[in-house]
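# Notes for the structure review
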Amino acid sequence: MMPSLSLRVSQNLTLTPQLQQSIRLLQLSTQELTQEVEQMLDENPFLEREGDDAPESEPGKDAAESAESAESTEAADAADKVADLVTGTDPGNTSDFEPGASDLPLDFGAGKETGVDAEAAAGDSASDWEEWGGELPARASAGDDDDETPMSERRSEHLSLQDVLHRQALSLRLCQEDRAALYFLIESLNDDGYLEETLAELAQSFGDASDPERYEALLHHLTVALRLLQSLEPIGVGARNLSECMQLQIKAQQRLLDEEGSDTPEADALALETALLVCQESLDLLARRDVRKLMQLTGCNEAAVRSALGLIAKLEPRPGRPYADVDRNAIIPDVIVRPSNERGLPVPGFSVQLNAEVMPRLRVQDVYANALRSHKGCEGHGALQQRLQEARWFIKNIQQRFDTILRVSQAIVERQRNFFVHGELAMRPMVLREIADELGLHESTISRVTTAKYMATPQGTFELKYFFGSGLGTETGGSASSTAVKALIKQLLDEESAKKPLSDAKIADLLQAQGIECARRTVAKYREAMRIPPASLRKAL
């Protein structure tokens, strides 16, 4: 084939870096945007927060002279810094920093040569307390550290499950190996207080399986530490599964009854014994509340099994739940909606505003920009000019992101106005395309805006995507929002009889009586989405 030249005309769409950054910022959540802003502030010297003020002038000098001197000094420093950036030298470079030595792996079988110091595992003063009988030091008086620690900080201090267990472990008199093993097990717990790995798996993680004697010694220390861990509070911590967690709590109650002696009612002791047998059997039968099969497996009568089920219902399936860090899961709204009687509002009756706390206030560093302007033609000027342009793009895209969120939020409030007045039952069906057509935006843009963005309303805090949902047909030819149908189902379940709960088919019939065409499978899907158990599990004992 002979080579030839040809001319072709074609069109293609290319996303500029500025547009790519705008799309990426639009889909970020508030927390992700904060991290992005902090990273940009660290990397771009031409970007700064609006709250960063210039150094104050010295007292006793003329204001104009002080301001001129400070400006000239700052400009000189900025010029020097820009010159350093142009020449490639960075006075703030910390690449020569050497990190400290990494932690050594745990080794419980090496005695004093173990890689984990027992005092480090239990606190610097644990050995001193052990010398005095292993007792914890006396609690300091209320006024000892009032001047040092503010009350607000003490109230906001959060103790994790590991912190509580480590404090209890300080009162135990243990050898170095057992204390290190206990420390290791405490740190291996998940947020619910469970030990997800078996002791054999934990022992193998140290690579000692090749030495049988060393492996057995390590497994022995872990077994002793597990018994100690399960004796600490909260009761049930250190369990490997739900069955063991409930058995630990039941056994703890049995010990309390044994301490009371003859004053213990026989019915309570029988209920505890039956509950222990039930927990040792299949948990599926317990979840289904299959009393007949539980009677056959345990050999107890119906009254004892029902008393045991009532006792098990009062146990804590997640011992670490009281120590969960709820602030970590706190939702910060991007938009705040309040009732308002002001005139001229975009949405009559409601004020839709952006949350000022989540809006980063950024600006271009004018001193550095002016210094760069005065160094035109220098080597590296083009690269720094690009960084300055990136800072301006970033500020513009941040502002555009919040403007788009505000426009979409106002359109949502305007279309779902009845929801903000009457609640979930007044929600109307709405899809992304409706808002996209109204605002002249693409449907994918609306999807990015409504994902991981939250709105604080008089009815609660919701994700923007919550206000969108499909519709179900009605007898009048209209449609009802799936959110409103879920709210209606929940209302029916709240009013049901505990002894005779409503089945999914019965709920579908009740909805049909109100003019909403909803099949039984759809009712089951909505019920499961709201995490409501079926009728067999909602039935009272």
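Scroll up to find the structure.
Everything numeric in this text was worked out from a predicted model, so none of it was measured. (Residues numbered from 1 in each chain as written. Predicted model: local features only at pLDDT ≥ 70, side-chain atom pairs only at ≥ 80, totals over all residues. Heavy atoms only, no water.)

### Comments concerning the overall build of the chain
Selection criterion: Numbering of helices and strands starts at the N terminus; helices are DSSP runs of H or I of at least 4 residues and strands are runs of E of at least 2. With a 1.4 Å probe rolled over the protein chains alone, any residue whose accessible area is under 20% of its type maximum counts as buried; one over 50% counts as exposed, and the rest are partly exposed. Residue contacts are counted whenever heavy atoms from the two residues lie within 4.5 Å of one another. The accessible surface values rely on the Shrake-Rupley method and a 1.4 Å probe; as for residues, cover is taken only from the protein chains in view.
Regarding its fold elements, the chain presents 24 helices and eight strands. Within the chain, buried positions represent 37% of all 541 residues. Partitioning the intrachain contacts of the chain with sequence separation of at least 6 by distance along the chain shows that 63% fall at a separation of at least 24. By element, 48% of the accessible surface of the chain is carried by carbon and sulfur atoms, the whole surface being about 33,400 Å².

### Side note on the sheet that holds strand β2 (residues 335–339)
Note the threshold: Whether two strands pair comes down to DSSP finding at least two bridges between them. Between N-to-C directions, angles cover 0 to 180 degrees, with each direction set by a line fitted to C-alpha atoms, over the stretch in contact for helices.
The sheet built from four strands is open, its strands ordered β3-β2-β5-β6 with mixed pairing. Single-partner strands in this sheet number two, and they are β3 (350–354) and β6 (460–463). Strand-to-strand twist in this sheet, taken as the mean axis angle between neighbours without regard to direction, amounts to 20°. The sheet contact formed by β2 and β3 spans five bridges and is antiparallel. Across the sheet, residue I336 finds its bridge partner in β3, namely Q353. Lying over the sheet, helix α17 (residues 381–415) contacts β2, β3 and β5 (454–457), oriented at roughly 160° with respect to β3.

### Let's talk about a negative patch on the surface
Operational definition: Patches in this entry comprise residues that are over 30% relatively accessible and not in a salt bridge; like charges within 9 Å are linked, as are nonpolar side chains (Val, Leu, Ile, Met, Phe, Trp, Tyr) within 5 Å. What makes a salt bridge here is a side-chain nitrogen of Lys or Arg within 4 Å of a carboxyl oxygen of Asp or Glu, nothing more. Only four residue types enter the tally: Lys and Arg on the positive side, Asp and Glu on the negative side, with His and both chain ends excluded. Charge positions are represented by NZ for Lys, CZ for Arg, CG for Asp and CD for Glu.
Taken together, the side chains of D258, E259, E260 and D268 define an acidic patch exposed on the protein surface. Looking at where E260 falls in the secondary structure, it is placed in helix α11 (residues 242–260). Among the residues examined, E260 registers a relative accessible area of 47% and is labelled partly exposed.

### Let's talk about the environment of T476
If you trace the backbone, T476 turns up in the loop between β7 (471–473) and β8 (479–481). The sequence separation of T476 and G515 amounts to 39 residues, and the corresponding C-alpha distance is 7.6 Å.

### A few points about the packing of aromatic side chains
To keep things clear, this is the line we draw: What counts as a ring pair is set by centres within 6.5 Å for rings of Phe, Tyr and Trp (its six-membered ring), and what kind of pair is set by the plane angle: stacked under 30 degrees, edge-to-face over 60, tilted for all other angles. Each ring is checked for a lysine NZ or an arginine CZ that lies within 6 Å of its centre and within 35 degrees of its normal; such an atom marks a charge sitting over the ring.
In total, this model carries nine aromatic pairs according to the counting rule given. Between the aromatic rings of F462 and Y466, the centroid separation amounts to 4.6 Å while the plane-to-plane angle is 15°, which identifies the pairing as stacked. Overall, F462 belongs to the buried group, its relative accessible area being 14%. A residue is classified by how much of its surface remains accessible, and Y466, at 23% relative accessible area, is partly exposed. Cluster of aromatic residues (ring-pair linked, three or more members): F350, F419, F420, F462, Y466 and F467. Here the guanidinium or amino end of R401 rests over the ring plane of F402, the centre of that ring lying 5.0 Å away.

### Let's talk about the packing of helix α1 (residues 17–26) against α17
Test applied: When describing relative orientation, an angle under 35 degrees is termed roughly parallel and one over 145 degrees roughly antiparallel, while 65 to 115 degrees is termed roughly perpendicular and anything else oblique. Two helices cross in a left-handed way if the nearer one is turned anticlockwise from the farther one by less than a right angle. They cross in a right-handed way if the turn is clockwise.
The N-to-C vectors of α1 and α17 enclose an angle of 45°; their axes lie 9 Å apart at closest approach. Judged by the angle between their axes, α1 and α17 are oblique. Crossing hand, α1 versus α17: right-handed. On α17, the residues that touch P17, Q18, Q21, S22, L25 and L26 of α1 are W393, F394, K396, N397, I398, Q400, R401 and T404.

### What to know about helix α10 (residues 212–230)
What counts, and what does not: For a helix, the expected span equals 1.5 Å multiplied by the residue count minus one.
End to end, α10 covers 27 Å across 19 residues, agreeing with the expected 27 Å (1.5 Å per residue, within 8%). For α10, the complete set of buried residues consists of Y215, L218, H221, L222, V224, A225, L226, L229 and Q230. In the core, the buried residues of α10 are packed alongside α7 (161–169), α8 (176–187), α9 (199–204) and α11.

### A look at the nonpolar core
For clarity, the cut-off: Here the nonpolar core consists of buried residues drawn from Ala, Val, Leu, Ile, Met, Phe, Trp, Tyr and Cys, with membership extended through side-chain atoms lying within 4.5 Å.
Counting residues in each nonpolar core, the largest one holds 48 residues, and the members touching the most others are I435 and F467. For I435, the residues in contact, after removing those within four places along its chain, are V408, A411, I412, R415, M430, I446 and F468. In this structure, L174, A181, L199 and L226 belong to the second largest nonpolar core, which totals 23 residues.

### Concerning the packing of helix α2 (residues 30–43) against α17
Going by this rule: Basically, the charged four are Asp, Glu, Lys and Arg, the nonpolar ten are Ala, Val, Leu, Ile, Met, Phe, Trp, Tyr, Cys and Pro, and anything else, Gly included, counts as polar.
Running from N to C, α2 and α17 point in directions that differ by 160°, and their axes come no closer than 11 Å. In terms of axis orientation, α2 runs roughly antiparallel to α17. For the pair α2 and α17, the sense of crossing is left-handed. Where α2 approaches α17, its residues T30, L33, E36, V37, M40 and E43 are matched on the opposing element by R387, E390, F394, I398, R401 and F402. Classifying every residue of the contact of α2 with α17 gives six nonpolar, one polar and five charged.

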